[in-house]
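Observations on chain architecture
So you can see what is in the structure, the chains are spelled out below.
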Amino acid sequence: MTGQGPPIRVLVVEDDPVAADAHALYVSRVPGFTVTGVVRSVADAAQFLKRAPVDLLLLDFYLPDGHGLRFLRSLRSAGHGAHVIAVTSARDLAVVREGVSLGVVQYVLKPFTFTTLRDRLLRYAEFRATAGEASDQDEVDRALAVLRSPRTAGLPKGLSPATLRAITEVLRAAGDQGVASGAAGSAVGISRITARRYLEHLVDTGRAARAPQYGQVGRPELRYRWLAGSR
């Protein structure tokens, strides 16, 4: 998961300066991801990939010196295996199908919010973290299903799978020291009260534990800790 091991290295490829800065900021706010660079053309992206290792491209398809799919095709011909999340206004399903064949794992249609991109990134991280040998067809199906839209069944009203995943990643990254609801909320861009609802849901479902932290002025602060072995 994104709370374990080295961060996933992301290259943002976007020609619009405002959008490029926004996308880089969004990525930097997701636990377990780091922006290794921001480039604004196919040529700059190609040069960057020769100099630095990249795990994931956040790739715009309409670039000033070429189409993102042609660039991706050339990368695959050269043996580059980085995964791709397409960030594009392209809605042509033929383009989508070709992108899938070239290793595009997610599509994010412009314009989009931080929450939308965060959801795709966290699902990609979960997919990337799968390892070992599948025991049966169901396990293979579950691994692939991570990249698809999450189901909302089983969550209390008002809670979203994407935000739950983000809170879970923050909790896991905090380790044994745990995290308070205010800090968890700040990390994913929601209020303390909303974060506490997600944290309490994780406690109720046996995936987290809560305990008061003493030694401060006033009432003790509740801290939440991920339970080892939880999924």
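See the structure printed just above.
Quick look at the overall build of the protein
On a plain count of helices and strands, the protein comes out with nine helices and 10 strands. When burial is assessed residue by residue, the protein has 45% of its 231 residues classed as buried. Restricting the contact set of the protein to residue pairs at least 6 apart, pairs at least 24 apart contribute 60%. Of the accessible surface of the protein, which amounts to about 12,100 Å², a share of 52% is contributed by carbon and sulfur atoms.

Some remarks on the pattern of salt bridges
Considering all chains together, one arrives at 12 salt bridges under this definition. With its nearest N and O atoms 3.7 Å apart, the salt bridge here joins Asp-21 to Arg-40. With Asp-21 in helix α1 (residues 17–28) and Arg-40 in the loop between β2 (33–39) and α2 (42–51), this pair connects stretches of sequence that are 19 residues apart. Accessibility expressed as a relative area gives 34% for Arg-40, which makes it partly exposed. In this structure, the salt-bridge partner of Arg-123 is Asp-119, at a minimum N-O distance of 2.2 Å. Taken together, the positions of Arg-123 and Asp-119, both in helix α5 (residues 114–129) and four residues apart, correspond to about one turn of that helix. Each member of the pair Arg-123 and Asp-119 is classed as buried. Within this structure, Asp-119, Arg-120, Arg-123 and Arg-165 form a network of salt bridges that share partners.

Quick look at the sheet that holds strand β3 (residues 56–59)
Taken in spatial order, the five strands line up as β2-β1-β3-β6-β7 in an open sheet, and their pairing is parallel. Sheet topology places β2 and β7 (104–109) at the edges, where each strand pairs with a single neighbour. Averaged over all pairs of adjacent strands, the angle between strand axes in this sheet comes to 20°, irrespective of strand direction. Alignment of strand β1 (residues 8–13) against β2, held across six bridges, turns out to be parallel. Across the sheet, Val-12 pairs through a bridge with Val-38, a residue of β2. Here α1 sits on the sheet and contacts β1, β2, β3 and β6 (83–88); the angle it forms with β2, its principal contact strand, is near 165°.

Comments concerning the sheet that holds strand β10 (residues 221–226)
The strand order β8-β10-β9 describes an open sheet built from three strands, whose pairing is antiparallel. Taken across any chain shown, the strands that pair with only one partner, and hence form the sheet edges, are β8 (179–180) and β9 (208–213). Pairing geometry for β8 and β10, over two bridges, is antiparallel. Paired with Ala-180 across the strands is Arg-223, a residue of β10. Here helix α7 (residues 161–174) sits on the sheet in contact with β8, β9 and β10, set at roughly 90° to β10.

Structural notes on the nonpolar core
Among the nonpolar cores identified, the biggest contains 40 residues, and Phe-33, Leu-56, Leu-58, Leu-117, Leu-121, Ile-167 and Leu-171 are the most heavily contacted of them. In this structure, Ile-167 is in contact with Ala-184, Val-188, Ile-190, Ala-195, Tyr-198, Leu-199 and Leu-202, ignoring residues within four places of it in sequence. Counting 23 residues, the second-largest nonpolar core is a separate cluster that includes Phe-61, Leu-63, Leu-72 and Leu-102.

What to know about the environment of Ile-8
If you trace the backbone, Ile-8 turns up in strand β1. For the pair formed by Ile-8 and Thr-34, sequence separation is 26 residues and the distance between their alpha carbons is 6.1 Å.

Focus on the packing of aromatic side chains
Inspection of the entire model under this criterion finds three aromatic pairs. When the ring of Tyr-26 is compared with that of Phe-112, the centres are 6.2 Å apart and the planes differ by 65°; the resulting orientation is edge-to-face. With Tyr-26 in helix α1 and Phe-112 in the loop between β7 and α5, this pair connects stretches of sequence that are 86 residues apart. When the centroid spacing of 5.6 Å and the interplanar angle of 55° are considered together, the rings of Tyr-26 and Phe-114 count as tilted. Note that Tyr-26 is positioned in helix α1 and Phe-114 in helix α5, a separation of 88 residues in sequence. The class for Phe-114 is buried, based on a relative accessible area of 8%. The ring of Phe-114 carries Arg-29 above its face, with NZ or CZ at 3.9 Å from the centroid.

Parameters at a glance
- Residues numbered from 1 in each chain as written.
- Predicted model: local features only at pLDDT ≥ 70, side-chain atom pairs only at ≥ 80, totals over all residues.
- Heavy atoms only, no water.
- Helix = DSSP H or I, 4+ residues; strand = E, 2+ residues; numbered from the N terminus.
- Buried < 20%, exposed > 50% of the residue type's maximum accessible area, 1.4 Å probe, protein only.
- Contact = heavy atoms within 4.5 Å.
- Areas by Shrake-Rupley, 256 points an atom, 1.4 Å probe, with all protein chains shown as cover.
- Salt bridge = Lys/Arg side-chain N within 4 Å of Asp/Glu carboxyl O.
- Pairing = 2+ DSSP bridges.
- Axes fitted to C-alpha atoms, helices over the stretch in contact; angles between N-to-C directions.
- Core = buried A, V, L, I, M, F, W, Y, C linked by side-chain atoms within 4.5 Å.
- Phe/Tyr/Trp six-rings, centres within 6.5 Å; stacked < 30°, edge-to-face > 60°.
- Lys NZ or Arg CZ within 6 Å of the ring centre and 35° of its normal.

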